[in-house]
Amino acid sequence: MTGHGRTLFVLCLILGSAGCTHKSGPASALKPTGFGAALVESSGGKQIGATGTVLAQPLVVQVNDEQGNAVAGALVEFSGPAGVSFDPQGGVTDSSGQLSTNVTLGSMAFRYQLTARTSTKAQKPVDLKIEEIALGYQQMVGFQLDNKYCGRCHNPESSAERVSNFDNLEVKPHPFTEGETLNKMTDADLTAIISHGGPALNKSALMPPYGYTLTKTEIEALIAYIRLVSDPPPHVSGTVYAQK
Amino acid sequence: MLWQTLFGHPVRAFGVVSLLLSISLAIAPAKNHFSEWRHYQNKYLSLIRGRGDAVTLERRFHDHDGIQQIWLPQLGVVDRCTSCHVGLKEASLADVSVQPFRRHPVIPHTLDQYGCVMCHRGQGPATTVEEAHRSTLAWEQPILPARYVQSSCGQCHRAPLTGTPQLNSGRNLLTRYGCVHCHTIKLPDGSAIQPTDDPPSLEHVADKTTREWIYAWLKDPQAYAVTATMPNFKLSDPDARDISAFLISNSTPIAGDTVPGNKNEKAPDPAEGASLYGESFCASCHAVQNAAGNVVGGDIGPELTRVGSKVKPEWLRAWLRNPRVYDPGTAMPHYRFTDPQLSLLTGFLGNKTDSDLLASVHLDAATPEQIAHGKLLVTEYGCASCHEINGIKKPDNFAPELTRIGSKPLTQIIFLPGMTHALPDYIAAKIRQPRSFGSALKMPQFSLAPAQIDALTTALLSLTDRAHDLPLALTVPSKPPSNYQPAGKAGKLMDDMACFTCHAINGRGGDLAPDLTWEGSSVQRPWLLAFLKNPGTLRPALIRRMPRFNLSDDDAKELTDYIMTVYQTPAFDRDSMPSTGYPPVQVEQGRQLFYSKYACQSCHIVDTKADKGYIGPSLTQVGSRLNAAWIYHWLKDPQAMRPGAIEPNRNMNDEDARALTAFLMTQKGSDKQEAKK
């Protein structure tokens, strides 16, 4: 029993199952040949993935100079909370000023705040905050149900596969990312409106009841998902349901 | 001397022996006291001490302190993980992020039902961190990294699950990327996983394309189409030259698979070709890469970005005229295009060329030696595992069987230097870069994104010994594949139009379009007849729609009769409710219910001026489209009529359902209104 040293080491191994983020990446060995003034997200932010898995799309960031022109050869390094890993951890931007990395999310269902950092010629760091969302099993079920039933009206964005019905409704539904409104509703409120429709909370009948279509477990999963993606996040510790 | 000092005197000897005895007796309690699990239990106690519900948590902890064990003899589970992972069931620890004290995320199973190692692997009986989580000499099952944990669901669940998109996608990739053409994967019930891709036959390939294109394709399939699922075999220039020589010389002509275009015809208008391509909804199945590099369109058929550089115009024309001449089993429908339409489409697609693709390909006439060498290579690389090739039999078990790959012992694996010695890492590395394990290996390089490699690894890791040895009662089988085949002339017509590519009937077919199993109970005959002749838009918001197949009157009638007669639900008689003659009071009551109580206008349109709902089908002419009895039963329980329907079940009472049916049956629409939309 060599005491704490070994225990901590093993703990660290388990915690950062995908590798500790503290280790120095290959990026530190690279020499930048260009310096930018701004860092912008090109694509791959705000993705939703399962806990512990690699996101479907790579995260692409771009380094620009003061005039907004892409800068090639600028050094960019990524970092995030424990459990998140990047492949590669950092590198220099290509000829279009971009650097792409594959993000593996941590094993907690969580909104992960990631940082991309580059530095100016004067060695001043420039940071870009990016958010990615990791869903556990329950939230993942909720996410799929949202895609099938709810998102058609509650998501104002249209995709190639699906045209949003948001604008066609006389009473606009609340997007699930609207934390300001949804955080004020308790789990019981949300269950009521999902099960019995809008009139259950004196809201519009345009929201139909799903209590005879979705099971209790599915409605719980949906609420767990709503709680995770709402922005700002709700100030509760965990799902109230699980206490029972 | 020392002996004398210790044991010289009987009393001293007694004292020394007693001391030794008491020390040896103390070893066991001391080991227990300093054990890792006790250390973690103490840490847990200090963690919960400061919390609001400390008393409850402590009480629950003290009900079960000491070494914990979950013993499930039927599953072969002996798990002591809960000795250290003490807070797994404590919902109030949701904010705790340090291990081993996190609560377990909510899943459909409980710990007491299945234990831990069923899903997480590792060594259940171990009581130290090292032995439980990592592989040791005696135990070689390390913990499964979180990124592959969905594979464990797949041990029992053969059907796709809502909560496991990664596993579902991995299983799709296994069948779609042709893995199972070469690798046999048997399921616990003894059946083998069947591929869902349909690699083209190469028996008549010389009619379709040129040797130069085959050469370029073999060298780099993704250079022709980024979405191509054909892997890169990393062939040398002479090898690609010889294989292309063999395939062309080995090809036999087939009557009618080429039609020369009309020489005197003036060049077709590209804009008209593009609009015919759009009207025919080719993009429902075929994708094209746009200028921004995005691939837009469906993935049922091949990508067409550079199709003009691939196919011969006379073949393309014949293919568009009737694809079943060249490939009787193709998923492509027979559109029955007119000659001018054929010219338009052939011209439009023929212009989709890429001058760079074949610019550097210069092949001299093939020599007999080259052809012979090409044949040898085709046999060696197992090309016939996927493609039909004249004179070469499909090899059996061309690649190692993967039936139990998820339990492959580490001792049987040769790892690369620097690789983590774990099965998931091996499988992922093997998929990512097969030839890194040896340049002489035959497995080709697939073009997969990191998430796809993880998904495939997950699907393969689910193929464990446990998955095969579980009692059948504990597994959740997938739906058995259906080989339903409609009979007679209508059946032939349905094959000809490839209805099953998009529609499912009796469990067979695609999910792009509605299930037609009960279509005959659902729709009215005149509507169906007219729809088959000229499909209108039921859901204006959809991009993928039913194309027009230019059916003759006789064919449309044949098909309508068959659907109306055969595809009826046993649940009710479609003629049990009248289509007209509902009392105006009831109709008005239905209108009220439609707009107020049930607010159907959220998703449906009855009045094109007032309603805007674009989710469900338009109901402006539903009274001449659907049967009253179908509407009534649909309103009562949509999912019973069509499993998976998104319309919510409103638990409607009979009176409301009747009134709504009455109201909807008065919505007969008018031709003028339809034409406008």
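Residues numbered from 1 in each chain as written. Chains lettered and ligands numbered in written order. Predicted model: local features only at pLDDT ≥ 70, side-chain atom pairs only at ≥ 80, totals over all residues. Heavy atoms only, no water.

Within chain A one finds 5 helices and 9 strands. Listing each helix as α and each strand as β along chain A from the N terminus yields α-β-β-β-β-β-β-β-β-β-α-α-α-α. For chain A, the residues scored as buried account for 50% of the 244 residues in total. Considering only contacts in chain A between residues 6 or more positions apart, those separated by 24 or more positions represent 58%. Summed over all atoms, the accessible surface of chain A reaches about 11,900 Å², with 55% contributed by carbon and sulfur. (Helix = DSSP H or I, 4+ residues; strand = E, 2+ residues; numbered from the N terminus. Buried < 20%, exposed > 50% of the residue type's maximum accessible area, 1.4 Å probe, protein only. Contact = heavy atoms within 4.5 Å. Areas by Shrake-Rupley, 256 points an atom, 1.4 Å probe, with all protein chains shown as cover.)

In terms of regular secondary structure, chain B is built from 32 helices and 6 strands. Here the C-alpha radius of gyration of chain B, 34 Å, is well above what a compact globule of 677 residues would show, namely 26 Å. For chain B, the spread of C-alpha atoms along the principal axes amounts to about 125 × 85 × 45 Å. Here chain B holds 677 residues, and 48% of them are scored as buried. Sequence separation of 24 or more characterises 63% of the internal contacts of chain B that already satisfy a separation of 6 or more. Carbon and sulfur atoms make up 57% of the accessible area of chain B, which amounts to about 33,900 Å² in all. (Rg over C-alpha atoms; globule rule 2.2 N^0.38 Å.)

Moving on to the pairing of strand 7 (residues 98–104) of chain A. All names here are of chain A. For strand 7, the buried fraction is high: 5 of the 7 residues fall into the buried class. Alignment of strand 3 (residues 59–64) against strand 7, held across 4 bridges, turns out to be antiparallel. Considered in strand 7, the bridge of valine 61 is made with leucine 99. Summarising the sheet, strand 5 (residues 85–87) and strand 7 pair through 3 bridges and their orientation is antiparallel. When the sheet's bridge partners are listed, phenylalanine 86 is paired in strand 7 with valine 103. (Pairing = 2+ DSSP bridges.)

Across all of its chains, the model carries 27 salt bridges over all chains by this definition. The closest approach of N and O atoms between Arg324(B) and Asp496(B), which form a salt bridge, is 3.6 Å. On the criterion of sequence distance, the pair formed by Arg324(B) in the loop between helix 16 (313–321) and helix 17 (339–350) and Asp496(B) in helix 22 (residues 488–496) is long-range, its members being 172 residues apart. For Asp496(B), a relative accessible area of 14% puts it in the buried group. Between Arg642(B) and Glu519(B) there is a salt bridge, with its nearest N and O atoms 3.8 Å apart. One end of the pair, Arg642(B), is in the loop between helix 30 (638–641) and helix 31 (654–665); the other, Glu519(B), is in helix 24 (residues 519–522), and 123 residues separate them in sequence. Each member of the salt-bridge network shares a partner with another, and the members are Lys46(A), Arg111(A), Glu131(A) and Asp231(A). (Salt bridge = Lys/Arg side-chain N within 4 Å of Asp/Glu carboxyl O.)

So, on to the environment of Ser230(A). Residues and elements named next belong to chain A. Position of serine 230 relative to the elements: it lies in the segment after helix 5 (216–229). Look at serine 230 and you get buried, because its relative accessible area is 1%. Taking C-alpha positions, serine 230 is 17 Å from alanine 188, a pair spaced 42 residues apart along the chain. In this structure serine 230 touches Arg111, Phe176, Thr177, Gly179 and Asn183, once residues within four positions along its chain are discounted. Polar contacts involving the side chain of serine 230 include one to the side chain of asparagine 183, which spans 3.3 Å. (Polar contact = N/O pair within 3.5 Å; in protein donor to acceptor, adjacent residues only side chain to side chain.)

Our next topic: unusual backbone geometry. The peptide bond linking Asp231(A) to Pro232(A) adopts the cis configuration, its omega dihedral lying at 0°. Relative to the elements of secondary structure, Pro232(A) occurs in the segment after helix 5. Along the chain, Gln99(B) connects to Pro100(B) via a cis peptide bond; the corresponding omega equals 5°. Residue placement: Pro100(B) occurs in the loop between strand 2 (77–79) and helix 5 (111–114). With phi around 45°, Ala599(B) is a residue other than glycine that occupies positive phi space. Within the element layout of this structure, Ala599(B) appears in the loop between helix 27 (584–597) and helix 28 (622–625). Given a relative accessible area of 5%, Ala599(B) falls into the buried group.

With that out of the way, let us pick up the packing of aromatic side chains. Two descriptors summarise a pair of aromatic rings, namely the distance from one centre to the other and the angle between the planes of the rings. All names here are of chain B. Under the definition given, this model contains 26 aromatic pairs over all chains. A centroid spacing of 5.3 Å and a plane angle of 85° characterise the contact between tryptophan 315 and tyrosine 326, whose relative ring orientation is edge-to-face. Here tryptophan 315 is found in helix 16, whereas its partner tyrosine 326 is found in the loop between helix 16 and helix 17, with 11 residues between them in sequence. For tyrosine 326, a relative accessible area of 9% corresponds to the buried category. On the basis of an interplanar angle of 5° and a centroid distance of 4.8 Å, the ring pair of tyrosine 335 and phenylalanine 337 is categorised as stacked. Among the residues examined, tyrosine 335 registers a relative accessible area of 6% and is labelled buried. The ring of phenylalanine 500 has arginine 508 lying over it, and the distance from NZ or CZ to the ring centre is 3.9 Å. When the ring centre of tryptophan 527 is taken as origin, the NZ or CZ atom of arginine 625, which lies over that ring, is 5.8 Å away. (Phe/Tyr/Trp six-rings, centres within 6.5 Å; stacked < 30°, edge-to-face > 60°. Lys NZ or Arg CZ within 6 Å of the ring centre and 35° of its normal.)

Looking now at the interface of chain B and chain A. Taken together, the 54 residues of chain B in the interface contact 47 residues of chain A. With both chains or domains summed, chain B and chain A bury close to 4,300 Å², and 64% of this area falls on carbon and sulfur atoms. The largest share of the area that chain B buries against chain A comes from Val106(B), Arg147(B) and Ile646(B), three residues that together contribute 12% of it. Inspection of the region where chain B meets chain A yields 0 salt bridges. Remark: the boundary between chain B and chain A carries 9 residue pairs in polar contact (both at pLDDT 80 or more). (Buried area = accessible area lost by both parts, 1.4 Å probe.)

Turning to the confidence of the model for chain A, a few remarks are in order. Averaged over every residue, the pLDDT of chain A is 82; residues scoring 70 or more account for 84%. Counting interchain partners and residues more than four positions distant, the pLDDT-below-50 stretch residues 7–27 of chain A has 29 contacts. (pLDDT = per-residue confidence, 0-100.)

With that settled, consider the pairing of strand 4 (residues 75–79) of chain A. All names here are of chain A. Taken together, the 3 bridges between strand 4 and strand 6 (residues 90–92) define a ladder with antiparallel strand orientation. Considered in strand 6, the bridge of valine 76 is made with glycine 91. Relative to strand 8 (residues 110–119), strand 4 runs antiparallel, the two being bridged by 3 bridges. By the bridge assignment, serine 79 is partnered in strand 8 with threonine 115.

We now examine the sheet that holds strand 6 of chain A. Paired through backbone hydrogen bonds, the strands of a sheet run either parallel or antiparallel to each other. Residues and elements named next belong to chain A. Strand order in the open sheet formed by 5 strands is 2-9-8-4-6, and the pairing between neighbours is mixed. Since the sheet does not close on itself, it has two edges, and those belong to strand 2 (48–50) and strand 6, each with one partner. Pairwise comparison of adjacent strand axes, ignoring direction, gives a mean angle of 30° for this sheet. Packed on one face of the sheet, helix 2 (residues 137–154) meets strand 2 and strand 9 (125–135) and runs near 85° to strand 9. (Axes fitted to C-alpha atoms, helices over the stretch in contact; angles between N-to-C directions.)

Attention now moves to the side chain of Asp242(B). Residue and element names in this part refer to chain B. Examined against the element boundaries, aspartate 242 turns out to sit in helix 14 (residues 237–250). Separated by 2.6 Å, the side chains of aspartate 242 and histidine 373 make a polar contact. Here aspartate 242 is in contact with Gln370, His373, Gly374 and Leu377, once residues within four sequence places are set aside.

Our next topic: the state of the cysteines. Put plainly, two cysteines are in a disulfide when a covalent bond ties their sulfur atoms together. Residues and elements named next belong to chain B. The tally for this structure, following the rule as stated, stands at 0 disulfides over all chains. Here cysteine 81 is not cross-linked by a disulfide; its sulfur's nearest cysteine counterpart is in cysteine 116, at 3.8 Å. According to the relative accessible area criterion, cysteine 81 is partly exposed, its value standing at 23%. Counting only cysteine sulfurs, cysteine 119 is the nearest neighbor of cysteine 153, a cysteine outside any disulfide, at a range of 6.2 Å. By relative accessible area, cysteine 153 is classed as partly exposed at 22%. (Disulfide = S-S within 2.5 Å.)

As a further point, take helix 12 (residues 211–219) of chain B. All names here are of chain B. Where burial is concerned, most of helix 12 is hidden: 7 out of the 9 residues are buried. Within helix 12, burial applies to Arg211, Trp213, Ile214, Tyr215, Ala216, Trp217 and Leu218. Residues of helix 12 that are buried in the fold lie against helix 11 (205–208), helix 13 (221–224), helix 14 and helix 18 (368–380).

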